[in-house]
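# Coordinate analysis (summary)
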Amino acid sequence: MLIFWDQRLVFLATPKAGSTAVEVALEPLASLAVQRPPEMKHVNAARFHHHIHPWLSGMTADHFTTVALMREPVEWLRSWYRFYLRDEQDAETPDNSRFEDFVRLYLAHPESVTQGIGTQSAFLTAGDAPVDRIFRYEDMDAFTHFLDEWLDCAINLPRINVPPSADVTLSPATEAELRQALAPDFRLYATLS
């Protein structure tokens, strides 16, 4: 999470949606950068509005605009899968799993493979207090253009945390089941321009 005090902007870091690159590029411009522990770095909309927004409101009556990125839902899970593969490679542990198995585990217990996140739609919405502006990860140009204007400086995001390539194909039946389970995410993603 990054807070830009003078610009009244808060970046909420959606896991597996480019948040580390954004933080590396923008931390020098931020008034407050929370990068550890992961529970604070990746504070969701509900926690932000319950805990951090009241703290900011206590210091100023101004509204802070929240902004975040959202990845295409199936690609988001592919990124999680590659993340675990990278960790296994770093630990020199052989990979015995397939993406199909990973998705089956996700369908049975979503939070078990996404470090407690569950879904992006749940992360980015909080009842009547969702994130103000959500950009598609796949359209990073629109997001950086927004930041260029809001922060009044040229933003250049580095490419970091690149996961290893992997076979991330799914059987048609599993993909259909996944798309049904992620229906709220697909609905939210469809509203983003």
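Right above here is the structure, for reference.
Description of the structure in this document. (Residues numbered from 1 in each chain as written. Predicted model: local features only at pLDDT ≥ 70, side-chain atom pairs only at ≥ 80, totals over all residues. Heavy atoms only, no water.)

### As for the overall build of the protein chain
Scanning the protein chain from terminus to terminus reveals 10 helices and 5 strands. Taken over C-alpha atoms, the radius of gyration comes to 17 Å for the protein chain, in line with the 16 Å a tight globule of 193 residues would show. The principal-axis extents of the C-alpha atoms in the protein chain amount to approximately 50 × 35 × 30 Å. Out of the 193 residues belonging to the protein chain, those deemed buried represent 46%. Residue pairs in contact within the protein chain that sit at least 24 positions apart in sequence constitute 76% of those at least 6 positions apart. When the accessible surface of the protein chain is totalled, it reaches about 10,100 Å², and 51% of it is carbon and sulfur. In the protein chain, the 16 positive side-chain charges and the 27 negative ones have mean positions that sit 3 Å from each other. (Helix = DSSP H or I, 4+ residues; strand = E, 2+ residues; numbered from the N terminus. Rg over C-alpha atoms; globule rule 2.2 N^0.38 Å. Buried < 20%, exposed > 50% of the residue type's maximum accessible area, 1.4 Å probe, protein only. Contact = heavy atoms within 4.5 Å. Areas by Shrake-Rupley, 256 points an atom, 1.4 Å probe, with all protein chains shown as cover. Lys, Arg positive; Asp, Glu negative; His and termini not counted. Charge placed at Lys NZ, Arg CZ, Asp CG, Glu CD.)

### Side note on the packing of helix α9 (residues 172–181) against helix α10 (residues 183–191)
Interhelical geometry of α9 versus α10 gives an angle of 70° and a closest axis separation of 4 Å. Compared by their axis directions, α9 and α10 come out roughly perpendicular. Contact residues: α9 offers Arg 179, Gln 180 and Ala 181, while α10 offers Ala 183, Pro 184 and Phe 186. For the contact of α9 with α10, the residue count by class is 4 nonpolar, 1 polar and 1 charged. (Axes fitted to C-alpha atoms, helices over the stretch in contact; angles between N-to-C directions. Parallel < 35°, antiparallel > 145°, perpendicular 65-115°, else oblique. Nonpolar A, V, L, I, M, F, W, Y, C, P; charged D, E, K, R; others polar.)

### A look at the layout of surface pockets
Put simply, the second largest pocket is a space of about 220 Å³. Forming the boundary of the second largest pocket are 12 residues, of which His 42, Arg 47, Gln 115, Gly 116 and Ile 117 lie nearest the centre. For the lining of the second largest pocket, the per-class residue count stands at 6 nonpolar, 4 polar and 2 charged. (1 Å grid on protein atoms, 1.4 Å probe; cavity = no way out; pocket = protein on both sides within 12 Å on 5 of 7 lines; lining within 4 Å. Points joined across faces, edges and corners; volume = space filled by probe spheres on them.)

Keep in mind these values describe shape, not function.
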